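If you want the building blocks of each chain, they are given just below.
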Amino acid sequence: MIAVENLTKVYGKRAALDHVSFEVPEKEIFGFVGPNGAGKTTTLRILAALMEPTEGRAFIDGADVTKEREKVHNRIGYMPDFFGVYDQLTVAEYLDFYAACYRQPKSRRQKIVDDLLALVGMTERKNQLVDTLSRGLKQRVCLARALVHDPAVLLLDEPASGLDPRARVEVREILKELRGMGKTIIISSHILPELTELCTMIGIIDHGRMRATGPVHEVIARLTTGRRLRITVLDAKEAAIEILTPLPSIRHVEAANGTIEAEYEGDETTASDILFALTGAGIRVSGFTPVDGGLEDAFLRATSEEA
């Protein structure tokens with residue numbers, strides 16, 4: 001559905017993008033993460049056919065973003081990181097205006113507006129002025145705006161930026177519903193724990209270069225070092241740490257938030273041996289759980305100087 005091939009963008013002597021390549025299949029949610037200035041927004045603007053690359057190519061549903069701009073604009077919904085609103089319009093008027101801009105027939109626009117307001121949970125606000133809405137509600141309206149022409153692809157640049165936790169959860173649920181409706185979504189964000197739950201694929205970019213891309217859990221497994229266990233003991237925590245530390249498979253062990261976290265090399269059999277070493281020494285173990293390294297660990301490793 002989305003293909004990016006050696007995308008490069010140079011401003012003067014600085015390369016904002018340096019031969020970036022990745023693919024997003026149909027009906028996937030692709031999380032695009034990286035530090036500020038890494039090249040996320042530049043990539044999305046090129047994909048939205050709003051900016052030309054210096055080198056490379058990109059395609060949206062087979063349409064070349066530099067040669068077939070009108071096709072691309074018809075197939076995408078773009079929500080920029082900073083968006084303008086017509087403050088003196090009501091929510092319904094605002095969406096109707098954009099539906100008209102996308103040449104939606106007047107006879108259908110009312111239904112389009114009503115359906116989108118229902119999708120983003122704004123039906124009761126349809127007659128409220130956009131200017132009076134909270135940031136979270138404005139984000140929902142702008143997401144609806146990106147959907148007025150029923151695009152196959154959504155490009156969302158920091159859609160949860162500045163939202164409170166409840167609003168972020170609500171946006172996340174809407175995006176899951178959109179994927180269920182067959183949309184392919186790229187979402188840039190710096191809120192990493194939420195992306196792990198929301199996204200099916202991930203791309204990590206830093207200094208204009210793609211550091212890792214693929215299914216979320218594959219990227220995490222590839223970039224996180226070793227395996228980790230979260231161990232809870234009923235007592236003698238210090239004694240448990242003393243038993244774990246000299247074991248050949250243990251790389252690091254520490255007390256954390258009332259539990260013990262141990263990083264080790266090996267497989268499930270190794271983990272069983274670690275548990276046996278504790279219980280064999282008389283340590284009463286009440287919890288023994290493998291821990292995913294997490295997207296934050298993968299992100300930090302991918303964007304380190306060594307990477």
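The model shown is predicted, which means the values in this text are computed figures rather than measured ones.

Just checking my understanding: could you explain the sheet that holds strand β8 (residues 184–188) for this structure?
Sheet strands associate in pairs through backbone hydrogen bonding, adopting either a parallel or an antiparallel arrangement. Strand order in this open sheet of 6 strands is β6-β7-β8-β3-β9-β10, and the pairing throughout is mixed. Two strands close off the open sheet at either side, each with one partner strand: β6 (76–79) and β10 (209–215). Across the sheet, the mean angle separating the axes of adjacent strands is 15 degrees when strand polarity is ignored. Relative to strand β7 (residues 153–157), helix α1 (residues 40–47) is tilted by about 150 degrees, and along the sheet it contacts β3 (29–33), β6, β7, β8 and β9 (201–206). Each of β9 and β10 is contacted by helix α8 (residues 216–223), which is oriented at about 120 degrees to β10, the strand it contacts most.

Which parts of the structure should I look at to understand the nonpolar core?
A general trend in soluble globular proteins is that nonpolar side chains are found buried together. Among the nonpolar cores identified, the biggest contains 53 residues, and Met-122, Leu-143, Leu-175, Leu-178, Ile-185, Ile-187 and Leu-195 are the most heavily contacted of them. The element contributing the most residues to this core is helix α3 (residues 91–101), with 6 residues. Filtering out sequence-adjacent residues up to four positions away, Leu-178 remains in contact with Leu-119, Leu-143, Leu-147, Leu-154, Lys-183 and Ile-185. The next biggest cluster of nonpolar side chains, apart from the first, holds 29 residues, and it includes Leu-155, Ile-186, Ile-205 and Met-210.

Please clarify how the pairing of β6 should be interpreted in this entry.
Burial of β6 is two-sided: the residues Ile-76 and Tyr-78 facing one way and the residues Gly-77 and Met-79 facing the other way are all buried. Looking at chain direction, β6 and β7 are connected through 4 bridges and run parallel. Within β7, the residue paired with Met-79 across the bridge is Leu-156.

Can you walk me through the packing of α8 against helix α11 (residues 294–302) in this structure?
Relative orientation and spacing of two packed helices are given, respectively, by the angle between their axes and the distance between those axes. Running from amino to carboxyl end, α8 crosses α11 at an angle of 55 degrees, the nearest separation of the two axes being 9 Å. Classified by the angle between their axes, α8 and α11 sit oblique to one another. Here the hand of the crossing between α8 and α11 comes out left-handed. Where α8 approaches α11, its residues Val-219, Ile-220 and Leu-223 are matched on the opposing element by Gly-294, Leu-295, Ala-298, Arg-301 and Ala-302. Considering only residue class, the contact of α8 with α11 consists of 6 nonpolar, 1 polar and 1 charged.

How should the environment of Gln-139 be read in this particular structure?
Looking at where Gln-139 falls in the secondary structure, it is placed in helix α5 (residues 135–145). As for Gln-139 and Val-171, which are separated by 32 residues in sequence, their C-alpha atoms are 8.5 Å apart. Of note is the side chain of Gln-139, whose polar atom sits 2.6 Å from the backbone oxygen of Pro-159.

Would you mind showing me how to read the sheet that holds strand β4 (residues 55–60) here?
Reading across the sheet, the 4 strands line up as β2-β1-β4-β5 and stay open at both edges, with antiparallel pairing between neighbours. The open sheet terminates on both sides in strands that have one partner only, identified here as β2 (14–24) and β5 (63–64). Pairing geometry for strand β1 (residues 2–11) and β2, over 7 bridges, is antiparallel. For Val-10, the partnering residue across the bridge sits in β2 and is Ala-15. In the packing of α1 onto the sheet, the strands contacted are β1, β2 and β4, and the crossing angle to β1 comes to about 120 degrees.

Which parts of the structure should I look at to understand α11?
Each α-helix winds once per 3.6 residues, and so residues spaced three or four apart point in a common direction. When α11 is considered as a whole, its buried residues turn out to be Gly-294, Leu-295, Ala-298, Phe-299 and Ala-302. Tucked into the core, α11 has its buried residues touching β3, α7 (192–198), β9, β10 and α8.

I would appreciate a short explanation of unusual backbone geometry in the present structure.
Outside of glycine, negative phi angles account for most residues, and trans bonds account for most peptide bonds. A positive phi angle, close to 50 degrees, is found at Asn-6, a residue other than glycine. Residue placement: Asn-6 occurs in strand β1. Look at Asp-150: it is not a glycine, yet its phi comes out positive at around 55 degrees.

Where do I start with the packing of aromatic side chains in this structure?
Aromatic rings considered in pairs are described by the distance between their centres and by the relative angle of their planes. The final tally for this structure, using the stated rule, is 5 aromatic pairs. Where Phe-22 meets Phe-32, the ring centres are 5.6 Å apart and the plane angle is 40 degrees; that geometry is what we call tilted. Here Phe-32 lies in strand β3 and Phe-22 lies in strand β2, a separation of 10 residues in the sequence. For Phe-22, a relative accessible area of 4% translates into the label buried. Note on Phe-32: relative accessible area 0%, which makes it buried. Cluster of aromatic residues (ring-pair linked, three or more members): Phe-22, Phe-30 and Phe-32.

Thresholds applied
Residues numbered from 1 in each chain as written. Predicted model: local features only at pLDDT ≥ 70, side-chain atom pairs only at ≥ 80, totals over all residues. Heavy atoms only, no water. Pairing = 2+ DSSP bridges. Helix = DSSP H or I, 4+ residues; strand = E, 2+ residues; numbered from the N terminus. Axes fitted to C-alpha atoms, helices over the stretch in contact; angles between N-to-C directions. Contact = heavy atoms within 4.5 Å. Core = buried A, V, L, I, M, F, W, Y, C linked by side-chain atoms within 4.5 Å. Buried < 20%, exposed > 50% of the residue type's maximum accessible area, 1.4 Å probe, protein only. Parallel < 35°, antiparallel > 145°, perpendicular 65-115°, else oblique. Left-handed = near helix turned anticlockwise from the far one by under 90°. Nonpolar A, V, L, I, M, F, W, Y, C, P; charged D, E, K, R; others polar. Polar contact = N/O pair within 3.5 Å; in protein donor to acceptor, adjacent residues only side chain to side chain. Phe/Tyr/Trp six-rings, centres within 6.5 Å; stacked < 30°, edge-to-face > 60°.

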